[in-house]
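Structural features, examined
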Amino acid sequence: MTSQSPELSRQLLDKFAKKEWPVAQSWLSRVYGLDVHDCEDIFQEAFIVLWTHLRQDRFDIHHDKAGSYFLSICKKKAQEAMRKKQRIVPVPDDVLAAQEFSEAKSDQLLLTFEPEASLREKKETMVRQMLRQMPEPCNRILWAFYFESVSMQEMAELYGYASAATVKVIKHRCLEKFGKWFSERFKTMFS
Amino acid sequence: MLKQDDINSDELTDVELVERFLCGNMDADEEARFMASLNADEHRRAKAVAMAYLVKAMKAEGSRRDRQLMQAMCSVDRSDVAQVVARAVCGPVPGNTAATAVEPAQKPAIAVAGACAPAPGGHNNKIRKLLYGFFTTLSVAAAIVIVFWGYRSHIDSCRNARLADEYATAFAMEPAPTRGSGDEAMARKMSRLFARVRRERRSQDLQAELSHLWELSQQPTYNDYTPYSSLIGWNLAIVCLRNDDKARACEVLTVLASHADSDAVRAKAAELLAKLE
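The rules behind the values
Residues numbered from 1 in each chain as written. Chains lettered and ligands numbered in written order. Predicted model: local features only at pLDDT ≥ 70, side-chain atom pairs only at ≥ 80, totals over all residues. Heavy atoms only, no water. Core = buried A, V, L, I, M, F, W, Y, C linked by side-chain atoms within 4.5 Å. Buried < 20%, exposed > 50% of the residue type's maximum accessible area, 1.4 Å probe, protein only. Helix = DSSP H or I, 4+ residues; strand = E, 2+ residues; numbered from the N terminus. Contact = heavy atoms within 4.5 Å. Phe/Tyr/Trp six-rings, centres within 6.5 Å; stacked < 30°, edge-to-face > 60°. Lys NZ or Arg CZ within 6 Å of the ring centre and 35° of its normal. Salt bridge = Lys/Arg side-chain N within 4 Å of Asp/Glu carboxyl O.

Residues A:Phe43, A:Phe47 and A:Tyr146 are the most contacted members of the largest nonpolar core, which totals 91 residues. Here this core gets 14 residues from one element, more than from any other, and that element is helix H3 (residues 42-74) of chain B. Ignoring sequence-local partners within four residues, the contact set of A:Phe43 consists of A:Ala17, A:Glu20, A:Trp21, A:Ala24, A:Phe70, B:Val85, B:Ala88 and B:Val89.

Shown next as structure tokens:
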């Protein structure tokens, strides 16, 4: 593993923490009824745990996803806090993995229908570039579903949507937008 | 807004089928049928290919991000982590000296970072509320004082103007015996000036002019204005009151009350001064 500068490291961690804090805070206060100070305590403790796990190689990069892994630590910390306060709350489903999307299966489909390797690489690079600029809420929903394998119900709880059906509608709309972007982009590129 | 019922059921089936395939949940027969259906339908194939690219790119990009995060976590120490958390929760942290001032193992990260750390029992929150209450009360009190002060000033100003109107005509010009045509011209000049005092409501020019004449009339050596000294002083006091310059009016009236050459002016000056004070 190559080392990176402390400044870059801090920037990456800042970005990650700033992305996770509003989600964690809103989720913890909604599901567990915690006030903002308890949410801050849980968030900071969970962050220290994540830091420890990453340093101790307890985080499996091939299986675990940092975002959902971190939120599952937050959930455990929240449950501990609830136990200390002797408050019983309905325990939400595990944040981790509903169904895992397989890279091998994506490769299989692409190899079948897009046999030209250079074209595949070009398209994949462009999609990756697009992912870095994807607007909300599609950015959040599509990443959570296709990368972190968070179920619709869990997303509704995490991001404060009314129901799993609402998330499904948003995800559908985002997929439609992506499909439109994809077809237009590559039609222009290769026409 | 788009509702779930609005989503075409065929499209949903398409998406769900592709997702089922990409998750590896199809058995061999189902997979073969699925691939055949994609072969036969260009529209479906394009959609499935786009989704496969999305999943593949997300896997690659997400893993890259997580690897970077791992590296970042491994290259910072605990106090850095505390700073990161503090920045995320409270905004930028000024300096990091507090991070090392306490025992990190004992304290939560934000407390270690020393920024917006909530003390147990929401103590900081209480302080914040108290400060908010204090500053709100202070602001309201300041507003009340300003309004009261403004109102009082207005009342004072009205009262001064009313007194000025009341006393403006107390004296007709009674100059000292004239000593020729030069004195008559001076008398006309003074008469016009005093008429202006009775006529004009507010005038800084008039006050400046009368102040100048008042100084001349008070000089130890006799001059053209000496015989009009009391009247100049009296009219200056009236103009000062109209201009809301009560201090200057009192100053002039005090001189008049003790040194005016006419008993009537002395008495009226003392009377007006008493009312003003």
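Still more ground to cover, so stick around.
Residue and element names in this part refer to chain A. Within the structure shown, the criterion is met by 17 aromatic pairs over all chains. Taking the centre distance of 6.1 Å and the plane angle of 55° together, the rings of Phe-16 and Phe-47 count as tilted. One end of the pair, Phe-16, is in helix H1 (residues 6-32); the other, Phe-47, is in helix H2 (residues 36-55), with 31 residues separating them in the sequence. Here Phe-16 falls in the buried class, since its relative accessible area comes to 8%. Taking the centre distance of 5.1 Å and the plane angle of 70° together, the rings of Trp-21 and Phe-43 count as edge-to-face. Of this pair, Trp-21 sits in helix H1 while Phe-43 sits in helix H2, and the two are 22 residues apart along the sequence. Accessibility expressed as a relative area gives 0% for Phe-43, which makes it buried. In textbook terms, an aromatic cluster arises when at least three aromatic residues are bridged by ring pairs, as seen for Phe-16, Trp-21, Phe-43, Phe-47 and Phe-70. Directly above the aromatic system of Phe-147 lies the positively charged group of Lys-65, at a separation of 5.3 Å from the ring centroid.

This brings us to the pattern of salt bridges. Under the defined criterion, the tally for this structure stands at 22 salt bridges over all chains. Between B:Arg242 and B:Asp165 there is a salt bridge, with its nearest N and O atoms 2.9 Å apart. Separated by 77 residues along the polypeptide, B:Arg242 in helix H9 (residues 229-242) and B:Asp165 in helix H6 (residues 123-168) bring together distant segments of the chain. B:Arg242 gets classed as buried once you look at its relative accessible area, which sits at 6%. Take B:Asp165: its relative accessible area is 34%, and that puts it in the partly exposed class. One salt bridge connects B:Glu200 with B:Arg196, and the closest N-O pair in it is separated by 3.0 Å. Salt bridges linked by common partners bring A:Glu103, A:Asp107, A:Glu124 and B:Lys56 together as one network.

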